[in-house]
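# A structural walkthrough
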Amino acid sequence: KRLKPGMPGFACKHCYALGRKGLCRFFPTRCRSLPAKIKDLSDHLRRCTMCPMEVKEKLLQYRSENLDLEPSEGRNKQFFDRVWNRLHIREESMPGT
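Below: a short report on this structure. Keep in mind the model is a prediction, meaning the values are calculated, not measured.

Below, the discussion takes up the packing of helix 2 (residues 34–47) against helix 3 (residues 53–65). Running from N to C, helix 2 and helix 3 cross one another at 135°; their axes reach a closest spacing of 9 Å. Judged by the angle between their axes, helix 2 and helix 3 are oblique. Note that helix 2 runs across helix 3; the crossing there is left-handed. The segment helix 2 lies against helix 3, with Lys39, Ser42, Asp43, Leu45, Arg46 and Arg47 engaging Lys56, Leu59, Leu60 and Arg63. For the contact of helix 2 with helix 3, a count of residues per class yields three nonpolar, one polar and six charged.

Here it is in structure tokens:
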């Protein structure tokens, strides 16, 4: 699927800074797909050779503490809603969009 230029998303800052812009960028097209894209980014960071070990350790710690949580549950839903809204603030404030 072709993405529109300027579409909001997120990327691995470690790869992006070095010009490796292939599989390290993620563009959720719906709020529902946001949890899967965040998981994809987390998986990328765990395998990324450019990502510092302390970041990888924090991700593993967070993941082990939160495996039983679902994106649709109270606090998690609020978190994903906030991330979705922050991704789209710039899009809404741009004239002509």
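This paragraph deals with the nonpolar core. Counting 15 residues, the largest nonpolar core has Phe10, Cys12, Leu34, Leu41 and Leu45 as its most contacted members. Every element with two or more residues in this core is listed here: helix 2 and helix 4 (74–93). Ranked by the residues each element gives to this core, the list is headed by helix 4, at four residues. For leucine 34, the residues in contact, after removing those within four places along its chain, are Phe10, Pro28, Phe80, Val83, Trp84 and Leu87.

Cut-offs applied
- Residues numbered from 1 in each chain as written.
- Predicted model: local features only at pLDDT ≥ 70, side-chain atom pairs only at ≥ 80, totals over all residues.
- Heavy atoms only, no water.
- Axes fitted to C-alpha atoms, helices over the stretch in contact; angles between N-to-C directions.
- Helix = DSSP H or I, 4+ residues; strand = E, 2+ residues; numbered from the N terminus.
- Parallel < 35°, antiparallel > 145°, perpendicular 65-115°, else oblique.
- Left-handed = near helix turned anticlockwise from the far one by under 90°.
- Contact = heavy atoms within 4.5 Å.
- Nonpolar A, V, L, I, M, F, W, Y, C, P; charged D, E, K, R; others polar.
- Core = buried A, V, L, I, M, F, W, Y, C linked by side-chain atoms within 4.5 Å.
- Buried < 20%, exposed > 50% of the residue type's maximum accessible area, 1.4 Å probe, protein only.

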